[in-house]
Amino acid sequence: MVSGALRCGRGTRRSCGVRSCAVCVCVCVCVCPQVPELQKTTVRIQQPERVMGVISAIKEQGSSKLQVISDFDMTLSRFGCNGRRCPTSHNILDNSRVISEDGKKKLKDLLQHYYPIEIDPNRSLEEKRPLMVEWWTRAHELLTQQKIQKGDIAQIVRESDVMLRDGFNELFDQLHKYNVPMFIFSAGVGDVLEEIIRQANVFYPNVNVVSNYMDFDDSGVLKCFKSPLIHTYNKNNSVLQGTAYFQQLSTRTSIILLGDSMGDLTMADGVPSVENILKIGFLNDKVEERRGKYLDAYDIVLESDETLDVVNGILRYILMET
Ligand SMILES: Nc1ccn([C@@H]2O[C@H](COP(=O)(O)O)[C@@H](O)[C@H]2O)c(=O)n1
Ligand SMILES: [Mg+2]
């Protein structure tokens, strides 16, 4: 499995066993013949041997031990759409016809102020956390003032520019076929993201979502968001305690974790007795500035890759009957 060639970020080839390229100090990618998608130019891996070992161990344990824990916005959904930014589940509401012009402006101002803080590699998580609570709280208050109707959500999603990553059908279909639970853990808007996967016809029974859900009054008008508030940097056991679904997953000791933020790395922290975990990170924005931290934290980093090719390739290999 580990045999093959190592490809460094600048194209130099070395035999396997070499951790980093001695000529040009850069990260190498192990080319695993069973997962040809790992040869894509978007793939960066700091410790190829470890990655190959984890993939082999997950395959050995089999599909009955596997679960996928995934972020939603900018991980299952695309970051870029035809040269523009794709909307997050929040942005879908922010940009919709049910929000007043004044509301739109205020929500955009919040995004422009807080998003650079969210992705800033030079600020600590301790510094970011209270600011994220501030962003989400202020945005949810503004959305609540707009008297959004539950019955409008499906049409708002239909009219939006949201797109799931290329290959989403194969991902959801494979996991459904092999009864592998897919746990979507999102700081987005649960009602909106559920509607996206419903409209994409992939909301199978093995898919479960924990997110920020809207609370509607008896006439179907948004009155508040349910607690606990989930933001980018509290996606961990603190908000999962009490969710029955998460407890059920304790026997699934092999995990493939998919995320696009440094905050997504803790999504599996509540799972007891994790034996094998493969963390795959989509690095969408400010690639150069954030590459180092992503390579240290994620096992596989996918740079500006709008597809699920690598995830699907790994799953195909793991789930393939031998
Ligand atoms: N008002 C807001 C708050 C957050 N966002 C973005 O949503 C993303 C969080 O959702 P995940 O599914 O990725 O957990 C995150 O990328 C924030 O930038 C927003 O657009 N508007
Ligand atoms: Mg995300």
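What you are looking at is a predicted structure, and each value in this text was computed from that prediction instead of being measured.

Chemist: An account of the overall build of the protein is requested, with residue identities and associated values reported.
Modeler: Counting its regular elements, the protein contains 11 helices and 14 strands. Its C-alpha atoms put the protein at 65 × 40 × 35 Å along the principal axes. Expressed as a percentage of the 322 residues in the protein, the buried residues total 56%. Nonlocal contacts in the protein, meaning residues at least 24 apart in sequence, comprise 67% of its contacts between residues at least 6 apart. In the form shown here, the protein has an accessible surface area of approximately 14100 Å², with 48% of it arising from carbon and sulfur atoms. If you average the places of the 38 positive and of the 41 negative side-chain charges in the protein, the two averages end up 3 Å apart.

Chemist: Before we move on, could you go through the site of ligand 1 and cite the residues and values that matter?
Modeler: Taken together, 15 residues surround ligand 1, and among them Thr 88, Glu 118, Ser 186, Ala 187 and Lys 235 come closest. In the environment of ligand 1, an oxygen atom lies 3.1 Å from a nitrogen or oxygen atom belonging to the side chain of Asn 91. Trp 135 places a polar side-chain atom, nitrogen or oxygen, 3.3 Å from a nitrogen atom of ligand 1. Here ligand 1 has 470 Å² of accessible area as a free molecule, and 95% of this is covered by the chains. Elements with a contribution of two residues or more to the shell around ligand 1: α2 (89-94), α3 (101-119), α4 (125-145) and β8 (182-189).

Chemist: Residue-level account of the state of the cysteines, with values.
Modeler: Under the definition given, this model contains 1 disulfide. Disulfide partner of Cys 81: Cys 86, at an S-S distance of 1.5 Å. Judged by the sign of its S-S torsion, about 75 degrees, the cystine formed by Cys 81 and Cys 86 is right-handed. The pair Cys 81 / Cys 86 is uniform in exposure class, with both members buried.

Chemist: Quick one: what's the story with the domain arrangement of the protein, residue by residue and with numbers?
Modeler: The domain architecture assigned to the protein consists of domain 1 (5-79 + 164-218 + 233-319) and domain 2 (82-158). Placing a centre on the C-alpha atoms of domain 1 and another on those of domain 2 gives a separation of 24 Å. With 22 residues of domain 1 at the contact, the number on the domain 2 side is 26 residues. Taking both partners together, domain 1 and domain 2 bury about 2100 Å²; carbon and sulfur atoms supply 67% of that area. Remark: the boundary between domain 1 and domain 2 carries 0 salt bridges. If you look at where domain 1 meets domain 2, you find 10 residue pairs in polar contact (both at pLDDT 80 or more). Of all the elements in the fold, those that place two or more residues in the side of domain 1 that touches domain 2 are β8, α7 (190-199), β10 (214-216) and α10 (287-297).

Chemist: Can you break down unusual backbone geometry residue by residue, with the values?
Modeler: Of all residues except glycine, most have a negative phi; of all peptide bonds, most are trans. The linkage connecting Ser 227 with the following residue, Pro 228, adopts the cis geometry, with an omega of 0 degrees. Turning to its location among the elements, Pro 228 is positioned in the loop between β11 (222-225) and α8 (237-240). Not every positive phi belongs to a glycine, and Ser 273 is a case in point at roughly 50 degrees. By the secondary structure assignment, Ser 273 is in the loop between β12 (254-259) and β13 (276-283). The residue Ser 304 is not glycine, and still its phi comes out positive at about 45 degrees.

Chemist: Tell me about the pattern of salt bridges, and name the residues and values.
Modeler: As enumerated under the stated definition, the model contains 22 salt bridges in all. Across the pair Glu 37 and Arg 316 runs a salt bridge, and its minimum N-O distance is 2.9 Å. Here the residue Glu 37 occupies a position in the loop between β3 (28-30) and β4 (43-45), and Arg 316 occupies one in helix α11 (residues 309-319), the gap between them amounting to 279 residues. Overall, Arg 316 belongs to the partly exposed group, its relative accessible area being 37%. One salt bridge connects Arg 165 with Glu 306, and the closest N-O pair in it is separated by 3.4 Å. With Arg 165 in the loop between α5 (153-158) and α6 (168-177) and Glu 306 in the loop between β14 (300-303) and α11, this pair connects stretches of sequence that are 141 residues apart. Glu 306 shares its class with Arg 165; the two are buried.

Chemist: Account for the packing of α3 against α4, naming residues and giving values.
Modeler: One way to put it is that α3 packs onto α4 with a least axis distance of 10 Å and a crossing angle of 160 degrees. The angle between α3 and α4 falls in the class roughly antiparallel. In terms of crossing hand, the pair formed by α3 and α4 is left-handed. Touching Lys 106, Leu 107, Leu 110, Leu 111, Tyr 114, Tyr 115, Ile 117, Glu 118 and Ile 119 of α3 are Lys 128, Leu 131, Met 132, Glu 134, Trp 135, Arg 138, Ala 139, Leu 142 and Leu 143, all from α4. Split into classes, the residues belonging to the contact of α3 with α4 amount to 13 nonpolar, no polar and 5 charged.

Reading the values: the criteria
Residues numbered from 1 in each chain as written. Chains lettered and ligands numbered in written order. Predicted model: local features only at pLDDT ≥ 70, side-chain atom pairs only at ≥ 80, totals over all residues. Heavy atoms only, no water. Helix = DSSP H or I, 4+ residues; strand = E, 2+ residues; numbered from the N terminus. Buried < 20%, exposed > 50% of the residue type's maximum accessible area, 1.4 Å probe, protein only. Contact = heavy atoms within 4.5 Å. Areas by Shrake-Rupley, 256 points an atom, 1.4 Å probe, with all protein chains shown as cover. Lys, Arg positive; Asp, Glu negative; His and termini not counted. Charge placed at Lys NZ, Arg CZ, Asp CG, Glu CD. Near = heavy atom within 4 Å. Polar contact = N/O pair within 3.5 Å; in protein donor to acceptor, adjacent residues only side chain to side chain. Disulfide = S-S within 2.5 Å. Domains from an automatic or database assignment. Buried area = accessible area lost by both parts, 1.4 Å probe. Salt bridge = Lys/Arg side-chain N within 4 Å of Asp/Glu carboxyl O. Axes fitted to C-alpha atoms, helices over the stretch in contact; angles between N-to-C directions. Parallel < 35°, antiparallel > 145°, perpendicular 65-115°, else oblique. Left-handed = near helix turned anticlockwise from the far one by under 90°. Nonpolar A, V, L, I, M, F, W, Y, C, P; charged D, E, K, R; others polar.

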